[in-house]
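One letter stands for each residue in the lines below.
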Amino acid sequence: MDLFDYMREKEKETESPLASRLRPRTLQEVVGQEHIIGKDKLLYRAIQADKLGSVIFYGPPGTGKTTLAKVIANTTSADFLQINATSAGKKDMEEAVNQAKNTLGMYGRKTILFVDEIHRFNKGQQDYLLPFVEDGTVVLIGATTENPYFEVNGALISRSIIFELKPLTKGNIRTLLVRAVTDKERGMGAFDVVAEEDALDFLSDVSNGDARAALNAIELGVMTTERSADGKIHITLPVASECIQKRTLKYDKSGDNHYDTISAFIKSMRGSDPDAAIYYLARMLYAGEEVAFIARRIMICAAEDVSNADPNALVVATAAAQAVERLGMPEARIVLAQAAAYVACAPKSNSSIVAIDKAMQMVENDPTPPIPSHLQDAHYGGAAKMGRGLGYKYAHSYENHYVEQQYLPDAYKEEQFYVPTEQGYEKQIQEHFRKIGKWK
């Protein structure tokens, strides 16, 4: 490190954001994540013993992924290199690997390579790292906000231990906020700050488990609030609410939070819980989910989970899909809420999807059994002479507009695909079938 590097590092210690300055340097300073770094846990023991293998830290923003990497950097005897996948290219990766090879060859020391936002690497870039992880040239630490099973090369996954970091609790966030306003060395303690209890409670709550969001808010409050008559900076509830005006929502339209939320939304409608359905709808709308996407999922649920137990469910869902395209937000929220509530409250049946899936399976296994001749088209030239359509019974010519007749191919004539349930309108379908004699 030359003089200029030293000066830059010293300046970063004082001028970098509060969240960066307060980053823990040891495991003992880490707040939260006890499920993976408690004293009896594997990760804690591996870091303390300096025997860490390749790992991937996965979790929402502000939960400590980079923090844990920095703690490892401060405790390991191995060399530590860091690259960010959002900006690093193949040249950066080659330089890191070459440096690791030299360190291993000349000094016998391993190199820990920390790749932040590893999901940003494409498949080729991830593949490049694989042989060097395999042969021990580098020990990989990857950090990602996305589900690694979706976004990270399966070969890298198989060679790594995945540790999922959870959102910090309100108590964790509060501990960090108190540390921030009292720490005179790295925090805001030198500013003589008084953070009121309700302000701390508010920031702990609305930060939604994101330590960075809470610390950024308290720093903004301290730096923009004038001193009171007592010479202190008071962080009150109004000040806190101005500094973090909108609750942080853990939702990424391309990540697993997206899939988890839409899954909960659909399962709530299927489970006939309109309150939960409306709640998850609100979460998606708040996070900026496309209204057309939500409307499509409601239509699917109406067909798949309500079916003919209430045929109007699909009508309502389809009308809602058309309406939201014309209205847009914020009015679309009302239409979607109406449709979601209707589908959630409707009687349930999955008879249609059971029927089509069974039929599709049979078609896949035996796609071309002959259609009964009496059902074949007799209108084209010569068809009647070949017996096509002969013997067909026109249903409307019979009582109740029904006549017993074979419609399925001979191989499947005893099969029943659609079995209406006892739910809602499907019970009427059963009664109708019995009345006309279709079911004995």
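Below or above, wherever it landed, is the structure these notes cover. Once a new chain begins, its residue numbering starts again from 1 and follows that chain's sequence as written. With the structure being a predicted model, the display of local features is reserved for residues of pLDDT at least 70 and the display and counting of side-chain atom pairs for 80 or more, all residues being used for whole-chain, interface and lining totals. The basis for the side-chain values is all heavy atoms of the structure; hydrogens and waters are excluded.

### A word on the overall build of the chain
Comment: elements are numbered from the N terminus, with helices defined as DSSP H or I runs of at least four residues and strands as E runs of at least two. Of the regular secondary structure elements, the chain holds 20 helices and 7 strands. Here the chain has a C-alpha radius of gyration of 32 Å; the compact-globule value for 440 residues is 22 Å, and the former is much larger. Classification of the 440 residues of the chain by burial places 43% in the buried group. The contact definition used throughout considers only heavy atoms, calling two residues in contact when any of these lie within 4.5 Å. Taking contacts inside the chain between residues at least 6 apart in sequence as the whole, the part at least 24 apart equals 72%. Residue burial considers only the protein chains on display, and all accessible areas are found by Shrake-Rupley using a 1.4 Å probe. Approximately 24,200 Å² of the chain is accessible, and the part contributed by carbon and sulfur atoms is 52%. In this setup the radius of gyration rests on C-alpha atoms only. A globule is expected at 2.2 Å times the number of residues raised to 0.38. Under the scheme applied here, a residue whose accessible area is under 20% of the maximum for its type counts as buried, over 50% as exposed, and between as partly exposed, the area being computed with a 1.4 Å probe on protein chains only.

### Quick notes on the environment of K39
Within the secondary structure, K39 is located in the loop between α3 (34-37) and α4 (42-48). In this structure, the C-alpha to C-alpha distance between K39 and I429, residues 390 residues apart in sequence, is 63 Å. Here K39 is in contact with Y44 and R45, once residues within four sequence places are set aside.

### Notes on the nonpolar core
Counting 30 residues, the largest nonpolar core has L18, L177, L203, L215, I218 and I235 as the members making the most contacts within it. Secondary-structure elements contributing two or more residues to this core are α2 (18-21), α10 (170-182), β6 (193-195), α11 (197-206), α12 (211-224), β7 (233-235) and α13 (237-243). Ranked by residues supplied to this core, first place goes to α12 with 7 residues. Beyond its immediate chain neighbours, meaning those up to four positions away, L203 contacts I173, L177, A214, A217, I218, A240 and I244. Among the nonpolar cores identified, the runner-up in size contains 29 residues, and I266, M269, I298 and A339 belong to it. Residues belong to a common nonpolar core when they are buried Ala, Val, Leu, Ile, Met, Phe, Trp, Tyr or Cys residues joined through side-chain atoms within 4.5 Å.

### Points about the packing of aromatic side chains
Centres within 6.5 Å make a pair out of two Phe, Tyr or Trp rings, where for Trp the six-membered ring is used; the pair is then stacked when the planes are under 30 degrees apart, edge-to-face when over 60, and tilted otherwise. By the definition in use, this model includes 5 aromatic pairs. With a centroid separation of 6.2 Å and an interplanar angle of 45°, the aromatic rings of F57 and F163 are classed as tilted. Pair noted here: F57 is in strand β1 (residues 55-58) and F163 is in strand β5 (residues 161-164), with a separation of 106 residues, a long-range link. The two residues F57 and F163 agree in class, both being buried. By definition here, charges over rings are those cases where NZ of Lys or CZ of Arg is within 6 Å of the ring centre and within 35 degrees of the ring normal. Lying over the aromatic face of F417, K358 brings its terminal NZ or CZ to 5.5 Å of the ring centre.

### A word on the packing of helix α6 (residues 90-107) against helix α7 (residues 123-134)
Their axes nearest at 11 Å, the elements α6 and α7 cross at an angle of 5°. Here α6 is positioned roughly parallel relative to α7, judged by the angle of their axes. Packed against α6, whose contacting residues are K90, M93, E94, V97 and K101, the element α7 presents Q125, Y128, L129 and F132 at the interface. Amino acids are sorted into nonpolar (Ala, Val, Leu, Ile, Met, Phe, Trp, Tyr, Cys and Pro), charged (Asp, Glu, Lys and Arg) and polar (every other residue, Gly among them). Classifying every residue of the contact of α6 with α7 gives 5 nonpolar, 1 polar and 3 charged. Every axis in this analysis is a line fitted to C-alpha atoms, fitted for helices over the stretch in contact. Angles between the N-to-C directions lie between 0 and 180 degrees. Geometric relationships in this document are graded by angle, where less than 35 degrees denotes roughly parallel, more than 145 denotes roughly antiparallel, 65 to 115 denotes roughly perpendicular, and other angles denote oblique.

### Let's talk about the sheet that holds strand β2 (residues 79-84)
If you walk across this open sheet you meet the 5 strands as β2-β3-β4-β1-β5, and the pairing is parallel. At either end of the open sheet lies a strand with only one pairing partner, and these are β2 and β5. Neighbour to neighbour, the strand axes of the sheet diverge by 15° on average, direction disregarded. Strand pairing follows a simple DSSP-based rule, namely that at least 2 bridges must link the two strands. Across 6 bridges, the pairing between β2 and strand β3 (residues 111-116) is parallel. For N84, the partnering residue across the bridge sits in β3 and is D116. Those strands touched by α6 are β2, β3 and β4 (138-144), and its axis lies near 175° from that of β2.

### With respect to the layout of surface pockets
Think of a 1 Å grid over just the protein atoms. A cavity is a set of points where a 1.4 Å probe fits yet cannot get out, a pocket is an open set with protein on both sides within 12 Å along at least five of seven lines, and lining residues have an atom within 4 Å of a point. Grid points are joined across faces, edges and corners, and a volume is the space filled by probe spheres set on the points. Its boundaries defined by the atoms lining it, the second largest pocket holds a volume of some 560 Å³. Lining the second largest pocket are 17 residues, with Y402, Q405, K413, E415 and K438 sitting closest to its centre. Its residues placed into classes, the lining of the second largest pocket shows 7 nonpolar, 4 polar and 6 charged.

### A closer look at unusual backbone geometry
For the peptide bond that leads from M329 to P330, omega is 10°, which places it in the cis range. Residue N400 is not a glycine yet carries a positive backbone phi of 60°. Summarising the element assignment, N400 is placed in the loop between α19 (351-365) and α20 (425-436). Classification of N400 by relative accessible area gives partly exposed; the value is 36%.

### Concerning α10
Residue count minus one, scaled by 1.5 Å, sets the expected span of a helix. Compared with the 18 Å implied by 1.5 Å per residue over 13 residues, the 18 Å span of α10 between its first and last C-alpha is a close match. N172, I173, L176, L177, A180 and V181 are the residues of α10 that are buried. Down the axis, α10 shows its buried residues gathered within 160° of arc, on one side only. Among the structural elements, α2, α3, β6, α11 and α12 are those in contact with the buried residues of α10. Directions pointing from the helix axis toward each C-beta atom define the arc.

### A closer look at the packing of helix α16 (residues 291-306) against helix α18 (residues 332-345)
Packed helices, taken two at a time, are described by the angle between their axes plus the distance between the axes. Following both chains from N to C, one finds α16 and α18 inclined at 15°, their axes separated by 10 Å at the closest point. Put simply, α16 runs roughly parallel to α18. In terms of crossing hand, the pair formed by α16 and α18 is left-handed. Side by side, α16 and α18 meet where V291, I294, A295, I298, C301, A302 and V306 of the first sit next to A332, L336, A339, A340 and V343 of the second. Partitioned by chemical class, the residues of the contact of α16 with α18 number 12 nonpolar, no polar and no charged. Two helices cross in a left-handed way if the nearer one is turned anticlockwise from the farther one by less than a right angle. They cross in a right-handed way if the turn is clockwise.

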